[in-house]
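Here are the chains, one letter per residue:
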Amino acid sequence: MTTFDDRERAAEAHFALGEEMAFRVTARRNKLVGHWAAGMMKLTAEEADAYGKSVVQADFEEAGDEDVVRKVFGDLIAAGVETTEDAVRAQLTLQTFVARQQLSEAQ
C-alpha cells in the first residue's frame, strides 16, 4: 500500500506544480500583453506597470481569455489606437511563449 500511496502523492504533487506553473505563465503573459498595449497607448513607464497589473486583475473576471481581450481591445480603442481583437489575441499567443521562456530561465 505504501508504494501506491507514494505514487499517488507524487502524481498529486506533479499535478499541483503543473497547475501553479500554468497560473504563473498566464499571469506573466497578461502583464506582458498589458505592457504591449501600454506602449501602443503611449503610457509612461509607471502607467504601463499599473496597466499591466490591471490586465492581470481583469483575467479573474471569468474563465478563459475573453475578459482580457475585451479589456485590452476596449482600452486600445478608447485611446484611439487602431487595432483588432485578432491583434490582441495574437499578442496573447506570442506573449505566452515569452512568459514560458522567462519563467523557465528564472528557475
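Draft legend 1. Region of interest: the side chain of Asn-30. By the element assignment, Asn-30 lies in helix H1 (residues 2-40). When neighbours within four sequence positions are excluded, Asn-30 is seen to be in contact with Gly-52, Val-55, Val-56, Asp-59, Val-68 and Leu-92.

Draft legend 2. Structural view of the nonpolar core. Membership of the largest hydrophobic core comes to 14 residues, with the highest contact counts inside it found for Ala-37, Met-41, Tyr-51, Val-72 and Leu-76. Only H1, helix H2 (45-58), helix H3 (66-78) and helix H4 (85-106) provide two or more residues apiece to this core. Here the element with the most residues in this core is H3; it accounts for 4 residues. Once residues lying within four places of it in the same chain are set aside, the contact partners of Met-41 are Tyr-51, Asp-75, Leu-76, Ala-79 and Val-81.

Draft legend 3. Focus on unusual backbone geometry. A positive phi is found at Lys-42, a non-glycine position, where the angle reads about 60 degrees. Relative to the elements of secondary structure, Lys-42 occurs in the loop between H1 and H2.

Draft legend 4. Region of the structure containing the packing of H3 against H4. Between H3 and H4, the shortest axis-to-axis distance is 9 Å and the interhelical angle comes to 125 degrees. Here H4 runs oblique to H3, going by the angle between their axes. The handedness of the crossing between H3 and H4 comes out as right-handed. Counting all contacts with H3, which are made through Glu-66, Val-68, Val-69, Val-72, Phe-73 and Leu-76, the residues of H4 involved are Glu-85, Val-88, Arg-89 and Leu-92. Residues that form the contact of H3 with H4 fall into these classes: 7 nonpolar, no polar and 3 charged.

Draft legend 5. Inspection of the pattern of salt bridges at higher detail. In this structure the tally under the stated criterion is 5 salt bridges. Of the charged contacts in the structure, one is a salt bridge between Glu-62 and Arg-70, with a shortest N-O distance of 3.0 Å. Assessed through its relative accessible area of 45%, Arg-70 is described here as partly exposed. One salt bridge connects Arg-89 with Glu-66, and the closest N-O pair in it is separated by 2.9 Å. Residue Arg-89 is found in helix H4, and its partner Glu-66 is found in helix H3; the two are separated by 23 residues along the sequence. A relative accessible area of 37% places Glu-66 in the partly exposed class. A single network of salt bridges, built from pairs that share partners, joins Glu-66, Glu-85 and Arg-89.

Reading the values: the criteria
- Every chain's residues receive numbers from 1 upward, in the order its sequence appears when written.
- Since the coordinates come from a predicted model, pLDDT governs what is reported: local features require at least 70, and pairs of side-chain atoms require 80 or more to be given and counted, while whole-chain, interface and lining totals use all residues.
- Think of the side-chain values as coming from all heavy atoms in the structure, minus any hydrogens and water.
- A run of H or I in DSSP counts as a helix once it spans at least four residues, and a run of E counts as a strand once it spans at least two, with each numbered from the N terminus.
- The contact rule is simple, with two residues in contact once any of their heavy atoms fall within 4.5 Å.
- Put simply, a nonpolar core is a bunch of buried Ala, Val, Leu, Ile, Met, Phe, Trp, Tyr and Cys residues held in one set by side-chain atoms that sit within 4.5 Å of each other.
- Think of it in three bands: with a 1.4 Å probe and only protein chains considered, a residue is buried below 20% of the maximum accessible area for its type, exposed above 50%, and partly exposed in between.
- A fitted line through C-alpha atoms serves as each axis, taken over the contacting stretch for helices, and the angle formed by two N-to-C directions is quoted from 0 to 180°.
- Angles below 35 degrees are treated as roughly parallel, those above 145 as roughly antiparallel, those between 65 and 115 as roughly perpendicular, and all remaining angles as oblique.
- Handedness of each helix crossing follows the sense of rotation of the near helix against the far helix: counterclockwise by less than a right angle gives left-handed, clockwise gives right-handed.
- Charged residues are taken to be Asp, Glu, Lys and Arg, nonpolar residues to be Ala, Val, Leu, Ile, Met, Phe, Trp, Tyr, Cys and Pro, and polar residues to be all remaining types, Gly included.
- Between Lys or Arg on one side and Asp or Glu on the other, a salt bridge is scored when a side-chain nitrogen of the former is within 4 Å of a carboxyl oxygen of the latter.

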